[in-house]
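A structural walkthrough
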Amino acid sequence: MKQSSSNRKVNEQAREVIASILLFEISDPRLEMVTITGCEVSYDRSVCNVFYTTEPERYEDVAEAFSKAAGRVRSLMARKLSWRIAPELRFLLDKSVDQAERIASALAADAHRNAVVEPAEADVPADADAQANARAEEQEPRA
């Protein structure tokens, strides 16, 4: 979906306000160490999809905490923003961070595997080159 600069500003403003509310005004311990990765506010500002991430073992607890705190976060958000409407908040788990970690660990494992294999492969061509050079010297007639 194409976003205009004003829409990006609205999304970023919503993300900053919600992150601030979670950090300073919500005291639920289940919502500690939660990162708001982004927001998508609808064109008419009636709905705001809030994407968050946390540790994988806490997914269910955090989802439950967000469902209970959604009304409070919405009312605090309405006070901080000068929007005509306080948007309905939908908290959605952002699994892209987990996918990025899986890809990074797979790349690191591949790089480690290649680093271990490369020295052994590097020795073989050098030996093969040395052997080929020795054979060529033997075959050359000496004057």
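Scroll up to find the structure.
Structural notes, computed from the coordinates.

What counts, and where the lines are drawn
Residues numbered from 1 in each chain as written. Predicted model: local features only at pLDDT ≥ 70, side-chain atom pairs only at ≥ 80, totals over all residues. Heavy atoms only, no water. Pairing = 2+ DSSP bridges. Helix = DSSP H or I, 4+ residues; strand = E, 2+ residues; numbered from the N terminus. Right-handed = clockwise from strand over helix to strand, strands pointing away. 1 Å grid on protein atoms, 1.4 Å probe; cavity = no way out; pocket = protein on both sides within 12 Å on 5 of 7 lines; lining within 4 Å. Points joined across faces, edges and corners; volume = space filled by probe spheres on them. Nonpolar A, V, L, I, M, F, W, Y, C, P; charged D, E, K, R; others polar. Phe/Tyr/Trp six-rings, centres within 6.5 Å; stacked < 30°, edge-to-face > 60°. Buried < 20%, exposed > 50% of the residue type's maximum accessible area, 1.4 Å probe, protein only. Axes fitted to C-alpha atoms, helices over the stretch in contact; angles between N-to-C directions. Contact = heavy atoms within 4.5 Å.

Here the focus is the pairing of strand β3 (residues 88–93). Side-chain direction in a regular strand flips from residue to residue, so the side chains alternate between the two faces of the sheet. In terms of strand pairing, strand β2 (residues 47–53) meets β3 through 6 bridges, oriented parallel. Paired with N49 across the bridge in β3 is R90. Handedness of the crossover joining β2 and β3 through helix α2 (residues 59–80): right-handed.

Right, let's talk about the layout of surface pockets for a bit. Estimates place the volume of the second largest pocket at around 220 Å³. In terms of lining, the second largest pocket is formed by 14 residues, of which the most central are A19, L22, L23, L31 and V34. The element that contributes the greatest number of residues to the lining of the second largest pocket is helix α1 (residues 5–24), accounting for 4 residues. By residue class, the composition of the lining of the second largest pocket is 9 nonpolar, 2 polar and 3 charged.

In this section: the packing of aromatic side chains. Under the counting rule described, the total for this entry stands at 2 aromatic pairs. Taken together, a centroid distance of 4.1 Å and an interplanar angle of 10° make the contact between F66 and F91 stacked. Pair noted here: F66 is in helix α2 and F91 is in strand β3, with a separation of 25 residues, a long-range link. F91 sits in the buried class, given a relative accessible area of 17%.

Attention now moves to the sheet that holds β2. Here 3 strands make up an open sheet; going across it, the order is β1-β2-β3 and the pairing mixed. Either end of the sheet is taken by a strand with one partner, and the two such strands are β1 (35–41) and β3. The sheet shows a mean angle of 25° between the axes of neighbouring strands, direction not considered. Sheet strands touched by α1: β1, β2 and β3. Its angle to β1, the strand with the most contacts, is close to 140°. Set on the sheet, α2 makes contact with β1, β2 and β3; between it and β3 the angle comes to about 155°.

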